[in-house]
Amino acid sequence: MAALQEYKCPCCGGSIEWNSSLQRLKCPYCDTEFDQATLESFDEDQKNDVEDDMSWQTQAGTGWAAGETDNMRVFTCKSCGGEIIGDKEMAATSCPYCGNSVVVPSQFKGDLRPDFIIPFKTDKKQAKEGLRRHLQGKSLLPRVFKDENHIDEIKGIYVPFWLFDAEAEAVARFKATTTNRWREADANCTETKYFQVTRHGRMQFEHVACDGSSKMDDQMMESIEPFDFKDAVPFNTGYLAGYFADCYDVTAEQSIERANNRIRNSMHSVMQNSVTGYESVQEESCKIRLNNATAKYALYPVWVLNTNWKGKIYPFCMNGQTGKFIGDLPVDESAAGKMFAKVAVGVGLVAFAASYLIWMLM
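If you're wondering where the values come from, they're calculated on a predicted model, not measured in any experiment.

### Observations concerning the overall build of the protein
A count of helical and extended segments in the protein gives six helices and 14 strands. In the protein, buried positions account for 38% of the 362 residues. The long-range fraction of contacts in the protein, counting pairs at least 24 apart against all pairs at least 6 apart in sequence, stands at 74%.

Have a look at this one:
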């Protein structure tokens, strides 16, 4: 004897039963009714679901030419372990990540030569001005952050980025509802209709950037985006003169998950925003397949300033191409306490005045 096909309710997940009075399938939990053809179609769609295929070809970067790195040196920070690249003329300097001194440089030994570089479009003067604007109007900022001595510590760094290109093809399924409400006799009536909505779509992703340095905060690097790739040029060591360059310590393979998450979030948002005309929309599945997925290795320009305050490092970054400036600021607890006291007094006076007025009117 063949096993009976059991269907789950698309609306609530309960087991659906045949209702002889209605001559239809009905969910005993949410009272939704279905015809056989609709459920078979829904079940077939679920069986045909495929898994994500978000694999990449990550042969980014090339080998260095003979003699190309002879003038490059690696500076290693004794405090945080950060490594930065400079030229052989660069004297002992301070670490752009934590501000401490770095040791005597050693000969550069890098595995990969970047494919591209975006040269700095802004200078240190513009970076200082960006910081000044960022600090403007911050009444709760500790006084030390307004000290001009800290502004002189801004350093230009070429940060390593892995750039991911792919065409993403997605199939998404949503559960959507519409609700009709009316009053009949002495009762309020509600009718909820459930819909299965499917979307297919393709999107082209170019230069999805993931920084390849564990010393650079990922959120900060994403916050100073976008970088405009139209200014990118084939890499040449001449662009490094006068600047630092960060050594990548996060590989392209290790960055794939971040790239996939950025692509997945974009695809989900576009797909869901295309489902309109319903009262509620809930995503049930979204499967993504990547085509022609490749990665490149590039250096992007970033101005960096780190300031210590009570044992904590506060980093600031500016996009060296566009001038976009970001960074968290500490709060002067003494100034905050005084402001809170003033606000509390003001609120107290308002409350007293309101109470007095009510008492007068009673």
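### Regarding the nonpolar core
In this structure, W56, F164, L240, I263, M267, I288 and L290 are the most contacted members of the largest nonpolar core, which totals 50 residues. Mapped onto this core, the elements with two or more residues apiece are β4 (72-76), α2 (124-135), β8 (155-184), β9 (187-211), α5 (252-273), β12 (280-309) and β13 (312-319). In contact with L240, not counting residues within four places along its chain, are M72, I117, Y158, F235, A245 and L299. One finds L163, M220, A298 and C317 within the second-largest nonpolar core, a separate group that totals 26 residues.

### Quick notes on the pairing of β9
Where β8 meets β9, 23 bridges bridge the pair, whose relative direction is antiparallel. Within β9, the residue paired with A170 across the bridge is G201. What sits between β8 and β9 in their antiparallel hairpin is a turn of two residues, with A185 showing a positive phi close to 60 degrees.

### Re the pattern of salt bridges
This structure, assessed with the given rule, holds twelve salt bridges. A salt bridge links R133 to E129, with the nearest nitrogen and oxygen atoms 3.7 Å apart. Of the two residues, R133 and E129 are both situated in helix α2; the distance of four residues between them amounts to about one turn of the helix. Judged by its relative accessible area of 45%, R133 is partly exposed. Residue E129 is classed as partly exposed on the basis of its relative accessible area, which comes to 29%. The residue D165 makes a salt bridge to K296 at a minimum N-O spacing of 2.4 Å. With D165 in strand β8 and K296 in strand β12, the pair connects residues that are 131 residues apart, well separated along the chain. The buried category is assigned to D165, whose relative accessible area is 12%. Look at K296 and you get partly exposed, because its relative accessible area is 22%. Linked through salt bridges whose partners overlap, the residues forming this network are D211, D218, E222 and R258.

### Describing α5
Helix length check: α5 (22 residues) gives 31 Å between terminal C-alpha atoms against 32 Å at 1.5 Å per residue, within 8%. At R258, α5 is bent by approximately 25 degrees, the largest bend along its length. Within the sequence span of α5, burial applies to A252, S255, I256, A259, N260, I263, M267 and M271.

### Structural notes on the environment of P315
Among the structural elements, P315 can be located in strand β13. Through-space distance from the C-alpha of P315 to that of L305 is 5.8 Å; in sequence the pair is ten residues apart. Discounting chain neighbours no more than four positions away, the residues touching P315 are M220, L305, N306, G327 and D328.

### Describing the pairing of β8
Looking along a regular strand, one sees the side chains alternate between the two faces of the sheet. In this sheet, strand β11 (residues 244-246) lies alongside β8 in parallel orientation, the contact comprising two bridges. Opposite Y158, over in β11, you have A245 as the bridge partner.

### What to know about unusual backbone geometry
Cis geometry is adopted by the peptide bond preceding P226, which originates at E225 and carries an omega value of 5 degrees. Summarising the element assignment, P226 is placed in the loop between α4 (218-223) and β10 (233-234). The backbone of H207 sits at a positive phi, close to 60 degrees, despite the residue not being glycine. Here H207 is to be found in strand β9. Among the residues examined, H207 registers a relative accessible area of 24% and is labelled partly exposed. Even without being glycine, N292 reaches a positive phi, approximately 50 degrees. Along the chain, N292 turns up in strand β12. Looking at N292, the relative accessible area reads 69%, which means it is exposed.

### Structural notes on the packing of aromatic side chains
Summed over the entire model, instances satisfying the criterion amount to 14 aromatic pairs. Their ring planes at 75 degrees and their centres at 5.7 Å tell us that Y158 and Y243 sit as a pair that is edge-to-face. Of this pair, Y158 sits in strand β8 while Y243 sits in the loop between β10 and β11, and the two are 85 residues apart along the sequence. Y158 sits in the buried class, given a relative accessible area of 1%. Taken together, a centroid distance of 6.4 Å and an interplanar angle of 40 degrees make the contact between F316 and F325 tilted.

Reading the values: rules and limits
Residues numbered from 1 in each chain as written. Predicted model: local features only at pLDDT ≥ 70, side-chain atom pairs only at ≥ 80, totals over all residues. Heavy atoms only, no water. Helix = DSSP H or I, 4+ residues; strand = E, 2+ residues; numbered from the N terminus. Buried < 20%, exposed > 50% of the residue type's maximum accessible area, 1.4 Å probe, protein only. Contact = heavy atoms within 4.5 Å. Core = buried A, V, L, I, M, F, W, Y, C linked by side-chain atoms within 4.5 Å. Pairing = 2+ DSSP bridges. Salt bridge = Lys/Arg side-chain N within 4 Å of Asp/Glu carboxyl O. Expected span 1.5 Å × (residues − 1). Bend = angle between axes of the 7 residues up to and from the residue. Phe/Tyr/Trp six-rings, centres within 6.5 Å; stacked < 30°, edge-to-face > 60°.

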